[in-house]
Amino acid sequence: MNFALSNDQKMLRDEVRKFAENELAPIAPEIDISGEFPKESIKKLAEMGLLGIVVPEKYGGSEFDFVSLAIAIEEISRACASTGVITAVNNSLTTYPILKFGNEEQKEKYLPDLCSGKKIGAIGITEPNAGSDVAAMETTAVLDEDHYILNGAKRFITNGTEAGIFVVFAYTNKELKHKGITAFIVERDTPGFSLGKHEDLMGIRATGNCELVFEDCKIPKENLLGELGQGFFICMNTLDVSRIDIGAQAVGISQAALDEAVKYSKERVTFGKPICKFGMIQNMLAEMATQIHAARMLVYYAAWCKDAGIKRFSKEAAMAKYYAANISVDVTRKAVQIFGGYGYTKDYPVERFYRDAKILELYEGTSEIQKLVIANELVR
Amino acid sequence: MDIIVCIKRVPQTAEAEVSIDSTGKSIQKDRLTFDMNESDTYALEEAVLLKEKFEGNITVLSLGYPDTDDTLRIALAKGADNAIRIKAENFENPDAFQTAQILKSVIKTINFDIILTGCIATDDAYSQIGVTLAELLEIPHAALVIKVDANEQRTHVHRELEEGLIEHLDIKLPALLTILTGINEPRYASLIAIRRAAKKEIQQLGKENIELEDLVINSVIEELYVPPVTKQVEILTGSPSETATKLAGIVKEKGLI
Amino acid sequence: MILSDKHLKFREKVRQFADEVVAPRAIELDLNSEFPHDLVKKMGKMGLYGLYVPEKFGGSGKDTLSYAIAVEEVSRACGSTGIFLAAHTSLAVSPIYLAGNEFQKQKWLIPLAKGEKIGSFGLTEPNAGSDASGTRTIAKLVNDEYIINGDKCFITSGHVSDIIVITATKDPSLGYKGISAFVVEKGTPGFSPGKEEDKLGLRGSITSELIFEDCKIPKENLLGKEGDGFKIFMQTLDGGRISIGALALGIAQGALEHTIKFVRANTISGKPLYKEQSIQSKIAEIGTEIEAARLLIYQAAELKDAGKPLTKVAAMGKYYASLIGMKATNTAIEIHGMLGLTKKYPVERFIRDEKLMEIGEGTSEIQKIVIAREILGK
Ligand SMILES: Cc1cc2nc3c(=O)[nH]c(=O)nc-3n(C[C@H](O)[C@H](O)[C@H](O)COP(=O)(O)OP(=O)(O)OC[C@H]3O[C@@H](n4cnc5c(N)ncnc54)[C@H](O)[C@@H]3O)c2cc1C
Ligand SMILES: Cc1cc2nc3c(=O)[nH]c(=O)nc-3n(C[C@H](O)[C@H](O)[C@H](O)COP(=O)(O)OP(=O)(O)OC[C@H]3O[C@@H](n4cnc5c(N)ncnc54)[C@H](O)[C@@H]3O)c2cc1C
């Protein structure tokens, strides 16, 4: 692995950092409170080419590698965790599976709109009775001449309220168990498709999270993504990639917390000294910095594995996601601690970071599920 | 319209703690981050806007150390066509005049209609390079420009003076303008532009590659120091209404209102 | 893979050596507190002591990353042998390579790098551990000789060393500025090894006092200039952190591998241990942390090879690898249960060996102060 970034990766990092600091960070506190989806920011992200980072130029993307994608997600999340997830879902959970498993017509039809921000992407895996256990899903798709009829509901869908293009998983043959799951591309205005309950979340509050409801929803046959029965494979393959970006998101949130904590510790005076002079505070700062750096390396490493064409990197992706999420909760907790009572208020951003961090241990496979993946790969 | 933009890579000192290095003539730079000088980013954006209107070629030019390439590459990503770095390592701490002399020696080999520079570099704060360069090139100039309205032969500019006064000037090209921050909204480089720029060559000019007149030594830095702190803070105590009354009294007494 | 083909091949070679030659000796070295003279020679033959030293000085002209890999792999089999390799290379070969003049390199670096002579580093004193400015060993220049007086303690390989790099001060009241670095050869009158420590772990390595009583060494034995001592040992320790980090990492990896073997081979109420979620959870945690530690240490090595500042990352690598190393070795024992406490399995040795890593060459507390200083920008 190259520990040193290439020229274009460094430039991307610097430019996205500047963009995120100037354009995203200032509105992050507002949208956290209002829960309003940051539509204006999405336009700006699109202009910079941040909605289709790994998509080839011919489909309207920026054609960068997965390390660059991780760097971009880190920098965006450092300024605004909500915008970070929105971007990650658009990139690695929608454009990626279409790019990897879609046919030429599907790529030409959907990728340019996803890259330009004309349509936002979302993915529907989770259901009320199927979270960690993906194969327990109940949504079905039945072929009726040249259409599939979808019935069921998806829950907790990021970007749901705003998205125009959804990748949705459903059973085409329940008897085949997970080999009977198939992936579909569903457009927002398809008859029989509606939005259900909007979630009121603890953190990442501006991500348009809602339920998707399919009632005899009729989608054209050609919207089948990949092959019949390939859905579970597509899902796992996509999650391997997107977990890297959740790791990157965790690193970004953690870095923001550390930056704030460092700044505050130099300003806050107790017992006649700035608190950064106290060993116990330095201790926390050193632990935080080390955890973040280690997490970043794991994220880069997993992304690098993907770029290097290594076939099996489930372990590396799970390690990156599990570890970064884990330390993110710890690092943001320490940041609140360093701020004392002020950290508990909305006058400073660290309480938001703390709330934003918790989801990282839950979505795209809980930490427990990551550990199962890691342990199975190690003991294999 | 061919445009040259002079760019400097400077330490970002707004939020950092700055300390003097062991020579006593410069600041400690190893922990600072560096970026394009602020007003240069506006000069570059103005150049790109002109190019969008009139077509032509933008050359960005910097006298800097090797890591200046990073800054020039971002300029390429934002719309410049060529980038030249003059190797600072070949010169010994040039002052403002010498810097202008060095820039001139390169600029005279390039075709241009307009030269844009930032109005001030946030590190040395000389505010002289642009105007000196114009004098050395014997072309007209306008400093502190806040609006540019050009055609192919002439440009109309607004200069912002003290007390919010605006001066309108009409200048014949070729000319040099030093650009104020706020004149436009500098764009971000798109990812595609970054990828293309990352591959571009940056021309490297050493002392041996340029025809230089004798550098005139006008000034040398003798010492850089942090002024001693003189205690002037007065902390007002009491209830909010008491402190407000005291504060109002002081403000009046000092003739501030 | 994290590594290039070149480094992968090198790792294969060292791993094979560690598995076939070092591992079988590890138990007895520990039990008998035996110094592995045989392994020391064999590592020299393999060229493991001069990995980042150019060939003209007896090295093999590779890089710091190769060195970190070598320490990791050897320590995976035996911590005692690992610390010998680490101390000899990064604490004796390194300062002479960094600060020695041509004459000194010819005289000492070549035999050290080739493994013909054994080296060590004398910095710590009874009253100067974490705070090296407390050095009390005095070096007085009289005519053309330095006269050294003082005691050093906890010196790895001290007793068996032929060439020792030591720090001493002109005048303790000068603090850091008075400290210089010197080379003392075995057999110099006035120099004698003192007491040998009986330790918790790393029992196959030697840790001893060094005593200097009017020990006279030629002026030419000064490394660098007078007063350079602080700079030399700070640079040495930056590299040393990579060593100890790699050592901690190797031991942790050894513990993980033995644990994986154990859970594959054993069952609990008829169910394979590795299918038990509480076991899986532990293995996943330490597996992840070991990978993270490896990335930190390899990155520090790469920074060193690129000549870039590495203080922060090296301190992070050392602090983190030793922290998770303790957790990994402890978890290994937990998973082995009672058996883990017996000498039938190597994991009890691993935890004893690993403990030194949180202490040697700057305790974890010192590493954290270094890291905090770096991020606070002071
Ligand atoms: C804000 C947010 C955004 C989301 N975005 C999306 C989205 O865009 N698309 C989408 O499809 N989904 C999304 N999700 C759903 C998310 O991926 C699921 O919540 C997650 O997979 C966990 O599923 P669950 O909530 O049903 O928990 P459960 O599966 O019910 O888990 C409950 C607990 O049991 C543990 N557990 C479960 N099985 C095991 C096991 N075998 N061994 C050990 N422990 C186990 C879990 O770790 C957890 O601690 C989102 C969720 C949230 C909250
Ligand atoms: C919701 C809420 C309710 C509250 N209710 C009350 C109330 O009813 N009555 C009341 O009087 N107060 C109340 N407080 C105030 C609360 O007690 C203080 O916030 C608390 O004592 C911490 O002080 P501080 O916020 O000024 O933090 P600081 O003292 O500024 O501490 C900042 C950080 O520095 C560390 N630190 C400070 N000094 C040292 C040192 N010497 N060594 C090492 N570390 C150090 C702290 O541990 C902390 O991590 C409340 C606060 C909150 C948030």
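Cut-off values and rules
- Residues numbered from 1 in each chain as written.
- Chains lettered and ligands numbered in written order.
- Predicted model: local features only at pLDDT ≥ 70, side-chain atom pairs only at ≥ 80, totals over all residues.
- Heavy atoms only, no water.
- Helix = DSSP H or I, 4+ residues; strand = E, 2+ residues; numbered from the N terminus.
- Rg over C-alpha atoms; globule rule 2.2 N^0.38 Å.
- Buried < 20%, exposed > 50% of the residue type's maximum accessible area, 1.4 Å probe, protein only.
- Contact = heavy atoms within 4.5 Å.
- Areas by Shrake-Rupley, 256 points an atom, 1.4 Å probe, with all protein chains shown as cover.
- Lys, Arg positive; Asp, Glu negative; His and termini not counted.
- Charge placed at Lys NZ, Arg CZ, Asp CG, Glu CD.
- Axes fitted to C-alpha atoms, helices over the stretch in contact; angles between N-to-C directions.
- Parallel < 35°, antiparallel > 145°, perpendicular 65-115°, else oblique.
- Left-handed = near helix turned anticlockwise from the far one by under 90°.
- Near = heavy atom within 4 Å.
- Polar contact = N/O pair within 3.5 Å; in protein donor to acceptor, adjacent residues only side chain to side chain.
- Buried area = accessible area lost by both parts, 1.4 Å probe.
- Salt bridge = Lys/Arg side-chain N within 4 Å of Asp/Glu carboxyl O.
- Nonpolar A, V, L, I, M, F, W, Y, C, P; charged D, E, K, R; others polar.
- Pairing = 2+ DSSP bridges.
- Phe/Tyr/Trp six-rings, centres within 6.5 Å; stacked < 30°, edge-to-face > 60°.
- Core = buried A, V, L, I, M, F, W, Y, C linked by side-chain atoms within 4.5 Å.
- Domains from an automatic or database assignment.
- Right-handed = clockwise from strand over helix to strand, strands pointing away.
- 1 Å grid on protein atoms, 1.4 Å probe; cavity = no way out; pocket = protein on both sides within 12 Å on 5 of 7 lines; lining within 4 Å.
- Points joined across faces, edges and corners; volume = space filled by probe spheres on them.
- Patch = residues over 30% accessible without salt bridge, like charges linked within 9 Å, V, L, I, M, F, W, Y side chains within 5 Å.

A. Just the overall build of chain A, in detail. Across its full length, chain A holds eleven helices and ten strands. Relative to the globule expectation of 21 Å for 380 residues, the C-alpha radius of gyration of chain A, 21 Å, shows essentially globular dimensions. A principal-axis box enclosing the C-alpha atoms of chain A has dimensions of 80 × 45 × 40 Å. Out of the 380 residues belonging to chain A, those deemed buried represent 62%. Considering only contacts in chain A between residues 6 or more positions apart, those separated by 24 or more positions represent 74%. Total accessible area on chain A stands at roughly 14,300 Å², and carbon and sulfur atoms take up 51% of it. Here chain A contributes 44 positively and 52 negatively charged side chains, and the mean placements of these two sets differ by 6 Å.

B. Main features of the packing of helix α6 (residues 229-265) of chain C against helix α9 (residues 347-355) of chain C. All names here are of chain C. One way to put it is that α6 packs onto α9 with a least axis distance of 10 Å and a crossing angle of 160°. Accordingly, the angle class assigned to the pair α6 and α9 is roughly antiparallel. Crossing hand, α6 versus α9: left-handed. The segment α6 lies against α9, with Leu 247, Ala 248, Ile 251, Ala 252, Gly 254, Ala 255 and His 258 engaging Val 347, Phe 350, Asp 353 and Glu 354.

C. Expanded view of the site of ligand 1. Not every one of the 20 residues close to ligand 1 is listed here, only the nearest: Thr126(A), Ser132(A), Phe156(A), Thr366(A) and Glu368(A). One finds residues of chains A and C in close proximity to ligand 1. At a separation of 2.7 Å, an oxygen atom of ligand 1 approaches a polar side-chain atom of Ser132(A). Looking at the shell around ligand 1, the elements that each hand over two or more residues are β1 (121-124), β3 (147-157) and α11 (367-379) of chain A.

D. Focus on the interface of chain A and chain C. Contacts between the two partners involve 36 residues from chain A and, on the opposite side, 34 residues from chain C. Between chain A and chain C, roughly 3,200 Å² of surface is buried when both sides are summed, and carbon and sulfur atoms account for 68% of that area. Where chain A meets chain C, there are two salt bridges. At the level of secondary structure, the elements contributing two or more residues to the side of chain A that touches chain C comprise α7 (231-267), α8 (279-307), α9 (314-339) and α11 of chain A. The element best represented in the side of chain A that touches chain C is α8(A), accounting for 13 residues. Looking at the side of chain A that touches chain C residue by residue, the class counts come to 23 nonpolar, seven polar and six charged.

E. Local environment of the sheet that holds strand β11 (residues 203-205) of chain B. Residues and elements named next belong to chain B. Taking strand neighbours across the sheet as the criterion, the nine strands line up as β9-β8-β7-β10-β6-β1-β4-β5-β11 in an open arrangement whose pairing is mixed. Edge strands, defined here as strands with exactly one partner in the open sheet, are β9 (166-172) and β11. Taken over all neighbouring pairs, the strand axes of this sheet differ in orientation by 35° on average, direction set aside. Taken together, the four bridges between strand β1 (residues 2-6) and strand β6 (residues 114-118) define a ladder with parallel strand orientation. Paired with Ile 3 across the bridge in β6 is Ile 114. Against the sheet, helix α2 (residues 68-77) engages β4 (57-64), β5 (82-87) and β11, with an angle of about 165° to β5. On top of the sheet, helix α4 (residues 129-137) reaches β1, β6, β7 (141-150) and β10 (175-179); it is set at about 175° to β10, its chief contact.

F. Here's a closer look at the site of ligand 2. Residues and elements named next belong to chain A. Around ligand 2 sit Arg 268, Thr 270, Phe 271, Ile 275, Phe 278, Ile 281, Gln 337, Ile 338, Gly 340, Gly 341, Tyr 342 and Tyr 344, and those are all the residues in its vicinity. Residue Arg 268 places a side-chain N or O atom 2.5 Å away from an oxygen atom belonging to ligand 2. Separating an oxygen atom of ligand 2 from a backbone N or O atom of Gln 337 is a distance of 2.5 Å. Here ligand 2 has 970 Å² of accessible area as a free molecule, and 45% of this is covered by the chains. Looking at the shell around ligand 2 residue by residue, the classes come out as seven nonpolar, four polar and one charged.

G. Region of interest: the packing of aromatic side chains. Following the criterion strictly, the structure yields 20 aromatic pairs over all chains and no others. Each ring, one from Phe166(A) and one from Phe193(A), has its centre 4.9 Å from the other, and the planes form 90°; the classification is edge-to-face. Of this pair, Phe166(A) sits in strand β4 (residues 165-171) while Phe193(A) sits in strand β6 (residues 193-198), and the two are 27 residues apart along the sequence. Centre to centre, the rings of Phe230(C) and Phe233(C) are 5.3 Å apart; their planes meet at 85°, and the pair counts as edge-to-face. With Phe230(C) and Phe233(C) both in helix α6 and three residues apart, this pair spans about one turn of that helix. In this structure Phe230(C) comes out as partly exposed when scored by relative accessible area, which is 25%.

H. Seen up close, the nonpolar core. Counting 273 residues, the largest nonpolar core has Leu50(A), Phe169(A) and Leu285(A) as its most contacted members. In this structure Phe169(A) touches Ile123(A), Gly124(A), Ile125(A), Met137(A), Thr139(A), Lys154(A), Ile181(A), Thr182(A), Ala183(A), Gly231(A), Ile234(A) and Cys235(A), once residues within four positions along its chain are discounted. One finds Leu61(B), Ile84(B), Leu133(B) and Ile210(B) within the second-largest nonpolar core, a separate group that totals 23 residues.

I. Spotlight on the domain arrangement of chain A. Residues and elements named next belong to chain A. Each assigned domain of chain A is listed with its residue range as follows: domain 1 (7-120), domain 2 (123-229) and domain 3 (232-379). Domain 1 and domain 3 are separated by 20 Å when their C-alpha centres are compared. Of the residues lining the interface, 24 residues belong to domain 1; the matching set on domain 3 comes to 30 residues. It is Glu 74, Arg 78 and Phe 101 that lose the most area in domain 1 upon contact with domain 3, and together they represent 25% of the buried surface on that side. At the surface where domain 1 touches domain 3, the tally comes to three salt bridges.

J. Looking closely at the pattern of salt bridges. Overall, the coordinates contain 70 salt bridges over all chains when judged by the stated rule. With its nearest N and O atoms 3.8 Å apart, the salt bridge here joins Glu377(A) to Arg380(A). Across the salt bridge formed by Lys107(C) and Glu185(C), the nearest N and O atoms sit 3.3 Å from each other. Of this pair, Lys107(C) sits in helix α5 (residues 102-114) while Glu185(C) sits in strand β5 (residues 179-185), and the two are 78 residues apart along the sequence.

K. Representation of the pairing of β4(B) in the model. All names here are of chain B. Buried residues dominate β4, accounting for seven of its eight residues. Pairing geometry for β4 and β5, over six bridges, is parallel. In the sheet register, Thr 59 faces β5, and the bridge partner there is Asn 82. Taken together, β4, α2 and β5 form a β-α-β motif whose crossover is right-handed.

L. Spotlight on empty space enclosed by the protein. Residues and elements named next belong to chain A. Taken as a whole and judged by the stated rule, the model has three cavities of 30 Å³ or more. In this structure, the largest cavity encloses a volume near 50 Å³. Those elements giving two or more residues to the lining of the largest cavity turn out to be α2 (28-34), α5 (81-101) and α10 (350-358). A per-element tally of the lining of the largest cavity places α2 first, with three residues. Among the residues forming the lining of the largest cavity, the class breakdown is five nonpolar, one polar and four charged.

M. Geometry of a negative patch on the surface. All names here are of chain A. A cluster of acidic side chains, namely Asp 144, Glu 145, Asp 146 and Glu 222, defines a negative patch on the protein surface. Within the secondary structure, Glu 222 sits in the loop between β7 (210-220) and β8 (224-225). We classify Glu 222 as exposed; its relative accessible area is 55%.

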